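Close look at the chain arrangement
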Amino acid sequence: MMLDQRTRLSDKVAIVTGAGATGSGDFVGIGQAISILFARAGAKVLLADRDQANAETTLATIKEEGGEASVFVGDVTINADCRGMADAAVARYGRLNVLVNNVGISGPGSVTDVDEEFWDTVIDVNLKSVMLTSKHAIPQMIEAGGGSIINLSSIVGLRAGSGRPSHPYAASKAGIIGLSNSMAVHYGRDNVRVNCIAPGHVHSPMVARHASEEMLELRRKAGPLGIEGTSWDVAWAALFLASDEARWISGATLPVDAGLLAATPLAMFPYLRDPE
């Protein structure tokens, strides 16, 4: 059966957090790519971001393509903003069916040297935000007959991701997986599905700001597929989990990582050592 990509989400209203533009041109961030792809698939999208200008950039792209979306400016670490976000989706579009928790920050630090305030900030932005947005989205989804929550974790939430420690990030991303599993169980009878995506070494604007060309090449080689991931690869996974095609999938963590989690370091050693 051939899928009509323009109607896969035609009956859905979605909130995407961190939906604003963080790159330039075709080099888009994950939240921006998810928002654009959802709109292309027929969803009405509430573009949630604390930076109005970035959100307006995403909105302009969606409008140019004939999609339907609007901007909500708010902070996902603030309870009142998260309540307002869910209320805005229902007020503007009549219901809420999909929530994508995409907001995330990172930074260096191990448990022996991390600044306590920075630790708290990362946990609040990455993990507490998932609780707050879900707190207010789930009742609206239940009212609508069910829904899909898609939480952006990371392969770092499953195993150590790099030589430079970012223990607050790892803890927050692992926490997202645990929280998602529990939510999937306890809201399953309400027809609310909860799943995670664990992106691997995606070449996103956030990564590009901090990684050298040498590191980007090493990240590419580390994956068994040997090709670079983009925000669009993550967005396609989110589109599937948001759609009714995934109606029997809940409590899953889907790696989008070029097969990286399937390999051991020794398995990839020949590719990392020798030029291709």
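Residues numbered from 1 in each chain as written. Predicted model: local features only at pLDDT ≥ 70, side-chain atom pairs only at ≥ 80, totals over all residues. Heavy atoms only, no water.

1. Some points on the overall build of the chain
A tally of helices and strands in the chain yields 9 helices and 7 strands. In terms of overall dimensions, the chain is globule-like: its C-alpha atoms have a radius of gyration of 18 Å, near the 19 Å expected for 276 residues. If you line up the chain on its principal axes, its C-alpha atoms span 55 × 45 × 40 Å. When each of the 276 residues of the chain is scored for burial, the buried share is 48%. The long-range fraction of contacts in the chain, counting pairs at least 24 apart against all pairs at least 6 apart in sequence, stands at 77%. Surface exposure of the chain reaches about 13,300 Å², of which carbon and sulfur atoms provide 55%. For the chain, the separation between the mean place of its 23 positive charges and that of its 30 negative charges on side chains is 6 Å. (Helix = DSSP H or I, 4+ residues; strand = E, 2+ residues; numbered from the N terminus. Rg over C-alpha atoms; globule rule 2.2 N^0.38 Å. Buried < 20%, exposed > 50% of the residue type's maximum accessible area, 1.4 Å probe, protein only. Contact = heavy atoms within 4.5 Å. Areas by Shrake-Rupley, 256 points an atom, 1.4 Å probe, with all protein chains shown as cover. Lys, Arg positive; Asp, Glu negative; His and termini not counted. Charge placed at Lys NZ, Arg CZ, Asp CG, Glu CD.)

2. Here's the deal with unusual backbone geometry
Positive phi is not limited to glycine here, since asparagine 191 has a value of about 65 degrees. The class for asparagine 191 is partly exposed, based on a relative accessible area of 45%. The phi dihedral of alanine 258 is positive, around 60 degrees, even though this residue is not glycine. Its place among the elements puts alanine 258 in the loop between β7 (253-256) and α9 (265-273).

3. A word on the packing of helix α7 (residues 213-222) against α9
Where α7 contacts α9, the two axes come as close as 9 Å, and the packing angle between them is 135 degrees. Looking at the two axes, α7 sits oblique to α9. When the axes of α7 and α9 are compared, the crossing they make is right-handed. From α7, Leu218, Lys221 and Ala222 reach across to α9, where they touch Met268, Tyr271 and Leu272. (Axes fitted to C-alpha atoms, helices over the stretch in contact; angles between N-to-C directions. Parallel < 35°, antiparallel > 145°, perpendicular 65-115°, else oblique. Left-handed = near helix turned anticlockwise from the far one by under 90°.)

4. Looking at the sheet that holds strand β2 (residues 44-49)
Reading across the sheet, the 7 strands line up as β3-β2-β1-β4-β5-β6-β7 and stay open at both edges, with parallel pairing between neighbours. Strands with a single pairing partner mark the edges of an open sheet, and in this sheet they are β3 (68-73) and β7. Looking at each pair of strands side by side, their axes are set apart by 20 degrees on average, direction ignored. Sheet topology note: the strand β1 (residues 13-17)/β2 ladder contains 5 bridges and is parallel. (Pairing = 2+ DSSP bridges.)

5. Some details on a negative patch on the surface
A contiguous patch of negative charge, built from Asp115, Glu116, Glu117, Asp120 and Asp124, is present on the exposed surface. One can find aspartate 120 in helix α4 (residues 116-143). (Patch = residues over 30% accessible without salt bridge, like charges linked within 9 Å, V, L, I, M, F, W, Y side chains within 5 Å. Salt bridge = Lys/Arg side-chain N within 4 Å of Asp/Glu carboxyl O.)

6. Comments concerning the side chain of threonine 17
Secondary-structure assignment places threonine 17 in strand β1. Reaching out from threonine 17, the side chain makes a polar contact with the backbone nitrogen of asparagine 102 at a distance of 2.9 Å. What threonine 17 contacts, discounting residues up to four positions off in sequence, is Ala48, Val76, Met85, Leu99, Val100, Asn101, Asn102, Val103 and Thr133. (Polar contact = N/O pair within 3.5 Å; in protein donor to acceptor, adjacent residues only side chain to side chain.)

7. So, the confidence of the model for the chain
Taken residue by residue, the chain gives an average pLDDT of 93. The fraction at 70 or more is 96%. Between the elements of the chain, mean pLDDT differs from a low of 66, seen in helix α6 (residues 205-208), to a high of 99, seen in strand β4 (residues 98-101). (pLDDT = per-residue confidence, 0-100.)

8. With respect to helix α5 (residues 167-186)
Across its 20 residues, α5 extends 29 Å between first and last C-alpha, which sits within 8% of the 28 Å expected from 1.5 Å per residue. Within α5 the residues assigned to the buried category are Pro168, Tyr169, Ser172, Lys173, Ile176, Ile177, Ser180, Met183 and Ala184. Turning to α5, the residues buried within the fold contact α4, β5 (147-152), β6 (192-199) and β7. (Expected span 1.5 Å × (residues − 1).)

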